[in-house]
Amino acid sequence: MCPPSERADTQVGPYTSPAIPFTLMVATMIFFAHVVFAQTGLEKMIVGYSAQAGAYAPIWITKEAGLFKKNGLDVNLIFIPGGPTAAAAMIANEVQAMAMAGPAIVASNLAGSDLVMTAGIVNTFAFQLVTVKSITSPNQLKGKRIGVNRFGAAPDVAARYALNHLKIDPREVTILQLGEQSTRLEAMKAGQLDAAILLPPITTIAQKAGMNILLDMSELGGEFLITGMASSQKFLTQNNVSTMRLMRAFVEGIHYFKSNRRESEKIIARYMRTDNMEAVGATWDYFAAKIVPRKPYPSIKGVKALLDLAAKDRPEAAKAQPERFINATLLKELDDSGFIDGLYR
């Protein structure tokens, strides 16, 4: 197996492939999925994740620990960067399920899709607002440049929420979309950014470089459905057995994440393409021990909070019921059966 490339090309899993049009890449992946999976005797499924961040560790670990196969699925796990792009891929049925940003699901559903969250990985703002060494107070952010991945994605929503919390009008700063966390960090090092919304392990690396965590948003205490598992209602309705297998594997993946630190850290390091094991360890401490719940119910209050934020630009969001954006039927069935509790005995 080849070592991870350092190029910022199209990425599949923890590795990179030559830069090609994204739609062609997805179509090629789907074609080979049908060819290869037809020979395995397991049910094929294409699942995606929308960011290379510690919040997505549970889906990586579910794949690498063999838990999809244990539950009768041969999952092709692909990287589709950014929540809005990931939502579009699900609407087109290019993927059947996604680990992705909650704000993108809310926006897509409000626009008329049937996408819903089936599990909540991060039910709070787990992001951190990181600044260059010279910025140590909120007022110094005015007139500065803040990096996110894509407009409308979770880090963008987090940036605007953080600014409002710090009593700064988002119009008083320049928000730039610069792609993945590593790109944002390098831009800060090069003096092209003054701050960025980041997650562990990148925040640990940033601190080692002398940067500051101006705000740890996980300490604000609010519920926001920032990251979770999503599918279309149509897929859930028409594929009950398959989706139950997927959910069972996923909750086993969370258990593995929490219970097998060393193996989990190796997987995180590979997907994050880092050999900084101190930073990877901080990622495990932050997400496995602090953020990711044993029973990953999507937070209804967390969806309501996202709707309240969205209502500033989309008045229809104020009238939407949060239950419309959630389908926790599979998770509840597993929970009621005692399956999840049994994992931790």
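The preceding data block contains the structure.
Bear in mind that the values here come from a model prediction, so they are computed numbers and not experimental data.

**Student:** Explain the nonpolar core to me, please; I cannot follow it from the model alone.
**Tutor:** Grouped burial of nonpolar side chains is what soluble globular proteins tend to show. Ile-59, Trp-60 and Phe-287 are the most contacted members of the largest nonpolar core, which has 116 residues in total. Per-element accounting of this core gives the leading share, eight residues, to helix α10 (residues 240–259). Residues within four places of Phe-287 in sequence aside, it is in contact with Gly-54, Ala-55, Val-122, Ala-126, Leu-199, Pro-200, Phe-257 and Val-292.

**Student:** Whenever I open this one, the pairing of strand β9 (residues 174–177) confuses me. Can you help?
**Tutor:** Every other side chain in a regular strand lies on the same face of the sheet, so the side chains alternate between the two faces. By the bridge criterion, four bridges tie strand β8 (residues 145–148) to β9 in an arrangement that is parallel. Bridge pairing in β9 places Gly-147 opposite Leu-176. On the question of chirality, the crossover connecting β8 to the parallel β9 by way of helix α6 (residues 154–165) is right-handed.

**Student:** Is there a simple way to explain the pattern of salt bridges in this structure?
**Tutor:** As a working rule, side chains carrying opposite charge can pair if their charged atoms are close by. This structure, assessed with the given rule, holds 18 salt bridges. Across the pair Lys-295 and Asp-335 runs a salt bridge whose closest N-O atoms are separated by 2.9 Å. In this pair, Lys-295 is assigned in the loop between α12 (277–291) and α13 (300–310) and Asp-335 in helix α14 (residues 329–336), connecting sequence segments 40 residues apart. Lys-295 sits in the partly exposed class, given a relative accessible area of 28%.

**Student:** Just checking my understanding: could you explain the sheet that holds strand β5 (residues 97–101) for this structure?
**Tutor:** Sheets are built from strands paired through backbone hydrogen bonds, the pairs being either parallel or antiparallel. One open sheet holds the five strands; their spatial order is β4-β3-β5-β12-β6, and the pairing between them is mixed. Across the chains shown, the open sheet's two edge strands, defined by having one partner strand only, are β4 (73–79) and β6 (115–122). Within the sheet, the average angular offset between the axes of one strand and its neighbour, ignoring direction, is 25°. Strand direction decides the pairing type here: β6 and strand β12 (residues 227–232), joined by six bridges, are antiparallel. Counterpart to Val-116 in the pairing with β12 is Ser-231.

**Student:** Can you help me understand the sheet that holds β9 in this one?
**Tutor:** With mixed pairing, five strands are arranged side by side in an open sheet as β9-β8-β10-β7-β11. Across the chains shown, the open sheet's two edge strands, defined by having one partner strand only, are β9 and β11 (212–216). Sheet twist, expressed as the average angle between the axes of neighbouring strands with direction ignored, equals 30°. Of the pairings in the sheet, the one linking β8 to strand β10 (residues 195–198) comprises two bridges and is parallel in character. Each bridged residue has a counterpart across the sheet, and for Ile-146 the counterpart in β10 is Ala-195. Those strands touched by α6 are β8, β9, β10 and β11, and its axis lies near 145° from that of β8.

Each value, and the rule that gives it
- Residues numbered from 1 in each chain as written.
- Predicted model: local features only at pLDDT ≥ 70, side-chain atom pairs only at ≥ 80, totals over all residues.
- Heavy atoms only, no water.
- Core = buried A, V, L, I, M, F, W, Y, C linked by side-chain atoms within 4.5 Å.
- Buried < 20%, exposed > 50% of the residue type's maximum accessible area, 1.4 Å probe, protein only.
- Helix = DSSP H or I, 4+ residues; strand = E, 2+ residues; numbered from the N terminus.
- Contact = heavy atoms within 4.5 Å.
- Pairing = 2+ DSSP bridges.
- Right-handed = clockwise from strand over helix to strand, strands pointing away.
- Salt bridge = Lys/Arg side-chain N within 4 Å of Asp/Glu carboxyl O.
- Axes fitted to C-alpha atoms, helices over the stretch in contact; angles between N-to-C directions.

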